[in-house]
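Chains, contacts and geometry: an overview
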Amino acid sequence: MAFSNPGFSQSPAFSANGAAVIRQQQAGAAQNQRPAEYNGMTAEQLQNLYTQPSAGPSQTDRMTYEDTITKTIIAFAVVLVGAAIGWFVPALAFVGAIAGFVLALVNIFKKKPSAGLVLAYSAAQGLFVGGISAIFENQWDGIVTQALLGTAAVFVVTLLLFKSGKVRASKRATKIFLIGMIGYGVFSLLNLGLMAFGANSNPWGLRGGEIFGIPIGFLLGILVVLMAAYSLVLDFDQIKTGVERGAPSIYAWSAAFGIVMTVVWLYVEILRMLAILRGSD
C-alpha cells in the first residue's frame, strides 16, 4: 500500500513484510513451548490433548475484530470523557491540541503499541475536541449536533460500504489520496501563514473567499470529507490485514489509535465546513 494511516504504518503487523515477521515469532514461541508441553506426558494425556478443540484467536493471543472493536470503544469512551472536560473548560483545547500532537508522534513512531499511550492520546484529543466544540457552539447554536450527525453518517456509510465489498482501497486511489493530502497540507500551511502575518484579514483566511457565491472553505471541506472517508477505508483495510495475518492482540490498540485519529480529523473538518457555511449566511 502506497500510503496508510500513520497509526498503522509503523506497526510490523500491518506492514508489507509483517506476515513473515509474525509467522517467525509464532513459530519461535511454539517451538519454545513444545518440549515443556509434551515432556513426560502419557499416551492417554497426549490423546486427550489432540482431541481437544482447536484454540481460537483469543486463546492464541491473536488480533480479532471483536477485540479491536472493544479497544476502539474504550478509546472513544476516553475521548468523550476528555471532551466533556474540554466543553466546560474551553481553554484546555490548546493544551489538548499540543499534547495530542506530541502523543500522536510518539504513538506513530513506537514500534510496539502501548494501551496507556493510545488512551492518553484519546484523552488529549477529547480535550481539544470538547474545547473547540464549545467555542463553535457558542458562536453558532446547534452546529456541534450537526457535525456529530455528519461524522456518524460518514463513518457508518463508509463502514457498511467496506463491509459489503463495494468500496476497497486500491493503489491508484491511494496515490490520488496521497497527492490530495499533500496538496491540502500545503494549502493549510499557506493559509495559516497568510493569516498569521496579516496578509489576509478574513477570519478563515483563503477559506473565506468565494467562488460563484459559494465559500471556498465549504467546497474544500467536501473534498476533505471525502479524503477522510477514504482514510477510514484504509483503516478498515489495515485492520482486516492484521486480523487475517494473525497479528498479536496488542496491535488492536494501533487500530484503535488509527480510527480515533481519522474520526477526530473528520469531525473537525465537518465542524469547520459548517461554521464557514453558516458564517456566510
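Residues numbered from 1 in each chain as written. Predicted model: local features only at pLDDT ≥ 70, side-chain atom pairs only at ≥ 80, totals over all residues. Heavy atoms only, no water.

A tally of helices and strands in the protein chain yields ten helices and two strands. Within the span of the protein chain, comprising 281 residues, buried residues form 40% of the whole. For the protein chain, contacts bridging at least 24 residues in sequence account for 82% of all contacts bridging at least 6. (Helix = DSSP H or I, 4+ residues; strand = E, 2+ residues; numbered from the N terminus. Buried < 20%, exposed > 50% of the residue type's maximum accessible area, 1.4 Å probe, protein only. Contact = heavy atoms within 4.5 Å.)

Another point: the nonpolar core. Of all hydrophobic cores here, the largest spans 58 residues; its most connected members are Met63 and Ile143. At the level of elements, helix 4 (65-88), helix 5 (92-109), helix 6 (115-139), helix 7 (143-164), helix 8 (171-196), helix 9 (216-244) and helix 10 (252-279) are the ones that each hand at least two residues to this core. In terms of residue count, the dominant contributor to this core is helix 10 (19 residues). (Core = buried A, V, L, I, M, F, W, Y, C linked by side-chain atoms within 4.5 Å.)

Further remarks concern the pattern of salt bridges. Two side chains bearing opposite charge may form a pair once their charged atoms approach each other closely. The full count for this structure, using the stated rule, is three salt bridges. A salt bridge links Glu244 to Lys240; the shortest N-O distance between them is 2.9 Å. Taken as a pair, Glu244 and Lys240 lie in helix 9 at a separation of four residues, close to a single helical turn. Here Glu244 falls in the exposed class, since its relative accessible area comes to 55%. (Salt bridge = Lys/Arg side-chain N within 4 Å of Asp/Glu carboxyl O.)

This part covers helix 8. Taking 1.5 Å of rise per residue, the 26 residues of helix 8 would be expected to cover 38 Å, and the 37 Å separating its terminal C-alpha atoms lies within 8% of that figure. All of the buried residues in helix 8 are Thr174, Phe177, Tyr184, Phe187 and Asn191. In the core, the buried residues of helix 8 are packed alongside helix 9 and helix 10. Gly198, located one to two residues past helix 8, shows a positive phi value of around 75 degrees. (Expected span 1.5 Å × (residues − 1).)

Tracing the backbone shows Pro203 in the loop between helix 8 and strand 1 (210-211). Note: C-alpha distance between Pro203 and Ile276 (73 residues apart in sequence) is 9.6 Å.

In total, this model carries five aromatic pairs according to the counting rule given. Ring centres 5.8 Å apart and planes at 80 degrees place the aromatic pair Phe155 and Phe236 in the edge-to-face group. Of this pair, Phe155 sits in helix 7 while Phe236 sits in helix 9, placing them 81 residues apart in sequence. Look at Phe155 and you get partly exposed, because its relative accessible area is 24%. (Phe/Tyr/Trp six-rings, centres within 6.5 Å; stacked < 30°, edge-to-face > 60°.)

Moving on: the packing of helix 6 against helix 10. Packed helices, taken two at a time, are described by their axes: the angle between them and the distance between them. Where helix 6 contacts helix 10, the two axes come as close as 10 Å, and the packing angle between them is 10 degrees. Comparing the axis directions of helix 6 and helix 10 gives the class roughly parallel. On the side of helix 6, the interface is formed by Ala115, Val118, Leu119, Tyr121, Ser122, Gln125, Phe128, Val129, Ile132, Ser133 and Phe136, while helix 10 contributes Trp253, Phe257, Val260, Met261, Val264, Tyr267, Val268, Leu271, Arg272 and Ala275. Considering only residue class, the contact of helix 6 with helix 10 consists of 17 nonpolar, three polar and one charged. (Axes fitted to C-alpha atoms, helices over the stretch in contact; angles between N-to-C directions. Parallel < 35°, antiparallel > 145°, perpendicular 65-115°, else oblique. Nonpolar A, V, L, I, M, F, W, Y, C, P; charged D, E, K, R; others polar.)

On to helix 5. Here helix 5 spans 26 Å end to end across 18 residues, near enough to the 26 Å set by a 1.5 Å rise per residue. Among the residues of helix 5, those classed as buried are Ala93, Gly96, Gly100, Leu103, Ala104, Asn107 and Ile108. Each buried residue of helix 5 sits inside an arc of 130 degrees when the element is viewed along its axis, so together they form one side. Among the exposed residues of helix 5, those pointing more than 90 degrees away from its buried face are Phe94, Phe101 and Phe109. (Arc of directions from axis to C-beta.)

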